[in-house]
Amino acid sequence: MNLSSKHVYIAYTGGTIGMKRDPAGYVPVPGHLQEQMQQIPELNSHAMPSYDIHEYDPLQDSSNLTPDDWLRIAQDIEKHYDRYDGFIVLHGTDTMAYTASALPFMLKGLRKPVIITGAQIPLCEIRNDARENLITAILIAAKFAIPEVCLCFGSQLLRGNRSIKIDADGFEAFSSPNFPPLGRVGIEIKIHWDLILPPAEKSEAVAVRPMRESRVGVLRLFPGISADIVRNILQPPIKGIVLETYGIGNGPQDASLISELKTASDRGIVIVNCTQCIKGSVNMADYATGSTLAQAGVISGFDMTVEAALAKMAYLFSRNLEPRDVRMQMQVNLRGELSR
Ligand code: ASP
């Protein structure tokens, strides 16, 4: 396939991939990524698609990103949507799975690929994973009309809202334990088309659904967690929390803690049960320690990642839905984030 007629848009938000070594550690420096890219002959090869890079100002370490930055990325893609065949978001790895989980809710009507990638070692180092990840992402964005937000890293192409960061320093830093990879990067790049979501209707223009609601959070259970800690986190202005539970969705049957959860649920706080395990699904009916949570009004997050559940809840509250409707939609598959 000749890719020279294809156009790829690269949104460079920051992150290790384009950082420069500084006495204080790696820092994002304007212009540096493009300087590095000019020195890579493969990127200027005739076999490559044409691409444009939009460098964000400021470039950020992804640990500093907020939902406002997700909105900026989504609006950037919307603005350039008609002029390009595919989109790449260069992003730090630390919160990449959060952005990859949020964008599918924010970008409605996708018919083209949005590929998020980054690196553990920047382009400026002799030994790095940045070069491979970048070239692979550009090729995928140009060659395959995957109508999804994907995360491409190492040898895998993952559904964005199924991905989690699993390794702080390895090159295979991401996984989607509850959903098979959408593609494998080996001698060939193989896409598993049977897993890819259908494209939006041709008549539907891509549109951004803003995600402005940040009054959601995550609470991880641990042995000895007390009722007053739970009460505090459930105070206004919080609207919803992802409760990270044990195993298949269990928690302590401490009566005062359960009563805090129930009181909050009755007040309209949405509490979603996601497991602390990296793989598997919540089923609150299996144990008394799970069904007690269900009786307190906690709803199941099934096999959603915490990142996806958090983003989905923020998205639903941003649409001004009532808690009852948020609870209902949380348990329905909206963008491939949930196996049900
Ligand atoms: N701290 C960096 C970031 O997330 C790490 C990375 O890009 O790998 O921006």
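Residues numbered from 1 in each chain as written. Predicted model: local features only at pLDDT ≥ 70, side-chain atom pairs only at ≥ 80, totals over all residues. Heavy atoms only, no water.

Peer 1: Looking at this structure, how should I read the pairing of strand 7 (residues 114-117)?
Peer 2: A regular strand carries its side chains on alternate faces of the sheet. Alternating residues of strand 7 divide into Val114 and Ile116 and Ile115 and Thr117, and every residue in both groups is buried. Strand direction decides the pairing type here: strand 5 (residues 86-90) and strand 7, joined by four bridges, are parallel. Of the residues in strand 7, the one forming a bridge with Val89 is Ile116. Strand direction decides the pairing type here: strand 7 and strand 8 (residues 149-153), joined by three bridges, are parallel. The residue of strand 8 that forms the bridge with Ile116 is Leu151. For the segment spanning strand 7, helix 4 (residues 130-143) and strand 8, crossover handedness is left-handed. (Buried < 20%, exposed > 50% of the residue type's maximum accessible area, 1.4 Å probe, protein only. Helix = DSSP H or I, 4+ residues; strand = E, 2+ residues; numbered from the N terminus. Pairing = 2+ DSSP bridges. Right-handed = clockwise from strand over helix to strand, strands pointing away.)

Peer 1: What is the right way to look at the sheet that holds strand 1 (residues 7-14) in this model?
Peer 2: In a beta sheet, neighbouring strands are held together by backbone hydrogen bonds and run either parallel or antiparallel to one another. Reading across the sheet, the eight strands line up as 4-1-5-7-8-9-12-13 and stay open at both edges, with mixed pairing between neighbours. Sheet topology places strand 4 (50-60) and strand 13 (189-191) at the edges, where each strand pairs with a single neighbour. Averaged over all pairs of adjacent strands, the angle between strand axes in this sheet comes to 20 degrees, irrespective of strand direction. The strands touched by helix 2 (residues 67-80) are strand 1, strand 4, strand 5 and strand 7; relative to strand 4, the strand with the most contacts, the crossing angle is about 155 degrees. Against the sheet, helix 3 (residues 96-106) makes contact with strand 7 and strand 8, and its axis sits at roughly 155 degrees relative to strand 8, the strand it touches most. (Axes fitted to C-alpha atoms, helices over the stretch in contact; angles between N-to-C directions. Contact = heavy atoms within 4.5 Å.)

Peer 1: Would you mind showing me how to read the pattern of salt bridges here?
Peer 2: A side chain with one charge may pair with a side chain of the opposite charge, provided their charged atoms come close. Under the defined criterion, the tally for this structure stands at 12 salt bridges. Lys108 is the partner of Glu204 in a salt bridge, and the nearest nitrogen-oxygen pair spans 2.9 Å. Taken together, the residues Glu204 in the loop between strand 13 and strand 14 (207-208) and Lys108 in strand 6 (residues 107-108) connect sequence positions 96 residues apart. Given the relative accessible area of 26%, Lys108 is considered partly exposed. A salt bridge links Asp266 to Lys262; the nearest nitrogen and oxygen atoms lie 2.9 Å apart. One end of the pair, Asp266, and the other, Lys262, are both in helix 6 (residues 255-266), four residues apart, so they sit about a helical turn from each other. For Asp266, a relative accessible area of 57% corresponds to the exposed category. (Salt bridge = Lys/Arg side-chain N within 4 Å of Asp/Glu carboxyl O.)

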